[in-house]
Amino acid sequence: MFGFLKKVADYTRDARDSAKYLAQGLSVTFDHMRRRPITVQYPYEKLIPSERYRGRIHYEFDKCIACEVCVRVCPINLPVVDWVMNKQTKKKELRNYSIDFGVCIFCGNCVEYCPTNCLSMTEEYELSAFDRHSLNFDNVALGRLPTNVTTDPSVQPLRELAYLPKGVMDPHDVPKDLPRVGELPENVLKRIATEEAKGGQSNSVQLNPDGDAS
Ligand code: SF4
Ligand code: SF4
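What you are looking at is a predicted structure, and each value in this text was computed from that prediction instead of being measured.

Student: Explain the site of ligand 2 to me, please; I cannot follow it from the model alone.
Tutor: Close to ligand 2 lie 13 residues, the nearest being Cys74, Cys104, Cys107, Asn109 and Cys110. Grouping the amino acids of the shell around ligand 2 by side-chain chemistry returns 11 nonpolar, two polar and no charged.

Student: Explain the pairing of strand 3 (residues 80-86) to me, please; I cannot follow it from the model alone.
Tutor: Both faces of the sheet carry side chains from a regular strand, because those side chains alternate between them. Of the strand pairs in this sheet, strand 3 and strand 4 (residues 91-100) are connected by seven bridges, and their pairing is antiparallel. From the neighbouring strand, Asp82 faces strand 4, where its bridge partner is Asn96. Between strand 3 and the antiparallel strand that follows it, strand 4, lie four residues; Lys90 among them carries a positive phi value of about 55°.

Student: Got a minute to help me understand the nonpolar core in this structure?
Tutor: In summary, soluble globular proteins display a tendency toward joint burial of nonpolar side chains. If you look at the biggest cluster of nonpolar residues, it comprises 12 residues: Ile57, Tyr59, Cys70, Tyr97, Ile99, Phe101, Cys104, Cys110, Cys114, Leu119, Phe137 and Leu142. Among the elements of the structure, strand 2 (57-59) and strand 4 are those that each provide at least two residues to this core. When residues no more than four places from it in sequence are discounted, the contact partners of Ile99 are Ile57, Leu78, Pro79, Cys104, Phe137 and Leu142.

Student: Could you clarify how one ought to interpret the site of ligand 1 in this entry?
Tutor: Near ligand 1 there are 13 residues, and of these Cys64, Cys67, Val69, Cys70 and Cys114 occur at the shortest range. Along the lines of polarity and charge, the residues of the shell around ligand 1 split into 11 nonpolar, one polar and one charged.

Student: What am I meant to see in unusual backbone geometry here?
Tutor: Peptide bonds are trans in most cases, and residues, glycine excluded, mostly fall at negative phi. The step from Tyr42 to Pro43 runs through a cis peptide bond, and the omega angle for that step is 10°. With respect to the element layout, Pro43 can be found in the loop between helix 1 (2-33) and strand 1 (45-47). Even without glycine at this site, Ala66 takes up a positive phi of about 55°. Tracing the chain through its elements places Ala66 in the loop between strand 2 and helix 2 (69-73). Here the phi dihedral of Asn77 falls at roughly 45°; this positive angle occurs in a residue that is not glycine. Along the chain, Asn77 turns up in the loop between helix 2 and strand 3. Here Asn77 falls in the exposed class, since 11 other C-beta atoms lie within 10 Å of it.

Conventions adopted
- Residues numbered from 1 in each chain as written.
- Chains lettered and ligands numbered in written order.
- Predicted model: local features only at pLDDT ≥ 70, side-chain atom pairs only at ≥ 80, totals over all residues.
- Near = placed C-beta within 6 Å.
- Nonpolar A, V, L, I, M, F, W, Y, C, P; charged D, E, K, R; others polar.
- Pairing = 2+ DSSP bridges.
- Helix = DSSP H or I, 4+ residues; strand = E, 2+ residues; numbered from the N terminus.
- Core = buried A, V, L, I, M, F, W, Y, C linked by C-beta atoms within 7 Å.
- Buried ≥ 20, exposed ≤ 12 C-beta atoms within 10 Å, placed from the backbone.
- Contact = placed C-beta atoms within 7 Å.

If you want it as structure tokens, here you go:
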């Protein structure tokens, strides 16, 4: 008898949870149904990539020490560091450096671990080509400064949904000075610095008289 009642209780709970998750999913669907489509007239209008967008990698030849850390941390050992050992100076001499963006997965590991910061991710995302081999960028192509949506005079930059003011869905004709939803990254960094300057109180774990962390 007890086993039967437990089965009924479990079944009822599962049915209630399923109905709840179904309603949650449909609420997103219904929310989108009352929105009007927004068209971005590419290439005359372009969305501004987010702050941490990982686009085409920029490389500074003069700062590279040919250590090959970028190759070791790359999941597919992609960067090609072409160097020779100078027997007189007993130092490496960098000849060429290349990354094939037809293969790169833009994970950012090489940028993260490069000891001299000669690699950086840019917001350049227009890498379509007729020949995939033309995506193999050498150090000259990698050193080219990236295109920027906000500084290109021929492009109308549009804010993405997450960067629009609260309640605004259409990025067209939004005044530039209207603040976005949420905090800007620089404001978050300032707030963290202020909290740390206060003596790290926010980070330190305080013990109450009972010995519990608070
Ligand atoms: S990790 Fe940086 S410095 Fe080292 S080889 Fe790669 S790009 Fe050059
Ligand atoms: S972004 Fe990732 S996949 Fe591309 S070269 Fe760097 S480490 Fe390799």
